[in-house]
Amino acid sequence: MSQDSAGTRPRGSGGMLSERYDTALLDLDGVVYRGGDAVPHAVDALAAARKAGMRLAYVTNNALRPPGAVAAHLTELGVPAEAEDVITSAQAVARLIADRLPEGAKVLVIGGEGLRLALRERGLTPVDRADDEPVAVAQGYGGPDMVWRRFWEASAAINRGALWFASNTDLTIPSPLGIVPGNGAAVEVVRIATGAEPEVAGKPLPPMHRETILRTGARRPLVVGDRLDTDIEGAFRGQVDSLLVLTGVTDARQLLAAEPRHRPTYVDADLRGLLRAQPDVADATDATDGTDAADADGGGFACGGWTASARGDVLVLDRAGEGGGDPVDGLRALCAAAWTEAGDGSCGLDAGKALSRLGW
């Protein structure tokens, strides 16, 4: 990882991210779009990153839609994309199954057309019933209209000895109605009925990272996401850099409490971060004249005119001089203070007052 060796602060980039990395591996929900609408600034930022020479690849744990359908949706939103620009957990789990089973093997499908298409592309035969004698079960998100009978068939096949694979185990997903159950919740249904454990392909696990690198050929990839437990952990496991954007699931409090495997290399408000040089987070004593409040306890971290430190059971944020300042710089400084205090654990210090100063 190119975070500092202890993973205790977001890192400066020394140049535009779109120039330092050859490929952006972008999550979709909460990063590029929310439901049927593009995230603010996403369309223009991605166009500028592409113009700067960065390849854009869209990586999603949602196995429901085929890549072509996802690409068409992106294009409608103003983000031109082709099917080969989209990598799904359905593709990752299909490769995982194909590596284990002979060509033509029958696989019972719980999921949508995206999963069926991915299995066929790997030379496998999708089936619908346990009586079809499948040798494996592939489970992916099937959408809100998934019928309960599918869980019966899958459970019966697994109880008869079929191998069980899951595209991903995200417990929840965003929807126009708010947060709703994801494929992980459906996996729990089958787990209860069988007592079995699936082999999982999606983020943050290695099969998804492998699929992405194989399909994109990225040499200097940057993972871009909004979730700590999938996007950022997936980058950590794959030993590549990551950018967390604050347009989706993760909020500032969750970021400050992140354990090492959930700490991103960079933090920014939205996808415009691809077009910026990410600022350094420095020791406050190196960045100031020694008179700021952070030095009262002999430490602290500075970024963009903000200084942050841990004092007792509270995270404290101070502003050098008058006026505003980028709130994300303040958050970066707070991350350094929180992650340093937490070490290999999770920071439990009170950050309420500090975050309120930043509008979070």
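See the structure printed just above.
Not measured: the values here are computed from a predicted model.

### Focus: the sheet that holds strand β5 (residues 86-88)
Spatial ordering of the open sheet is given by β5-β4-β1-β13-β14-β15, a layout of 6 strands whose pairing is parallel. Each having just a single partner strand, β5 and β15 (266-268) make up the two edges of the open sheet. Taking each pair of neighbouring strands and ignoring which way they run, the sheet shows an average axis angle of 25°. Relative to strand β13 (residues 221-225), strand β1 (residues 23-26) is paired through 4 bridges, and the arrangement is parallel. Its bridge partner being in β13, L26 is matched across the sheet by V224.

### As for the pairing of β13
Among the 5 residues of β13, 5 are classified as buried, and the element is accordingly described as predominantly covered. Bridging between β13 and strand β14 (residues 241-245) involves 4 bridges; their strand directions are parallel. Counted as the bridge partner of G225 is L244 from β14. In this region the chain leaves β13, passes through helix α9 (residues 228-238) and returns to the parallel neighbour β14; the handedness of that crossover is right-handed.

### Quick notes on the environment of F301
Within the secondary structure, F301 is located in strand β17 (residues 301-303). C-alpha separation for the pair F301 and A337, spaced 36 residues apart in sequence, amounts to 6.4 Å. Apart from the residues within four sequence positions on either side, F301 is in contact with R9, V281, A282, D283, A284, W306, T307, A308, A333, A336, A337 and T340.

### Quick word on the packing of aromatic side chains
Within the structure shown, the criterion is met by 2 aromatic pairs. Centre to centre, the rings of Y21 and Y266 are 6.2 Å apart; their planes meet at 75°, and the pair counts as edge-to-face. With Y21 in the loop between α1 (17-20) and β1 and Y266 in strand β15, this pair connects stretches of sequence that are 245 residues apart. Of the two residues, Y21 and Y266, both sit in the buried class. Pairing W148 with F151 gives two aromatic rings, centres 5.1 Å apart and planes at 65°, and the pair type is edge-to-face. Since its relative accessible area comes to 54%, W148 is described here as exposed. Sitting over the ring of W306, R319 keeps its end group 5.3 Å from the ring centre.

### Things to note about the environment of T216
Mapped onto the secondary structure, T216 falls in helix α8 (residues 206-216). Owing to a relative accessible area of 10%, T216 belongs among the buried residues under this scheme. Sequence separation between T216 and I97 is 119 residues, and the spatial gap between their C-alpha atoms is 21 Å. Dropping the residues within four chain positions of it, T216 is found in contact with L25, R55, A57 and I87. Polar contacts involving the side chain of T216 include one to the main-chain carbonyl oxygen of T212, which spans 2.8 Å. Looking at T216, its side chain comes within polar contact range of the main-chain nitrogen of A218, at 3.2 Å.

Analysis parameters
Residues numbered from 1 in each chain as written. Predicted model: local features only at pLDDT ≥ 70, side-chain atom pairs only at ≥ 80, totals over all residues. Heavy atoms only, no water. Pairing = 2+ DSSP bridges. Helix = DSSP H or I, 4+ residues; strand = E, 2+ residues; numbered from the N terminus. Axes fitted to C-alpha atoms, helices over the stretch in contact; angles between N-to-C directions. Buried < 20%, exposed > 50% of the residue type's maximum accessible area, 1.4 Å probe, protein only. Right-handed = clockwise from strand over helix to strand, strands pointing away. Contact = heavy atoms within 4.5 Å. Phe/Tyr/Trp six-rings, centres within 6.5 Å; stacked < 30°, edge-to-face > 60°. Lys NZ or Arg CZ within 6 Å of the ring centre and 35° of its normal. Polar contact = N/O pair within 3.5 Å; in protein donor to acceptor, adjacent residues only side chain to side chain.

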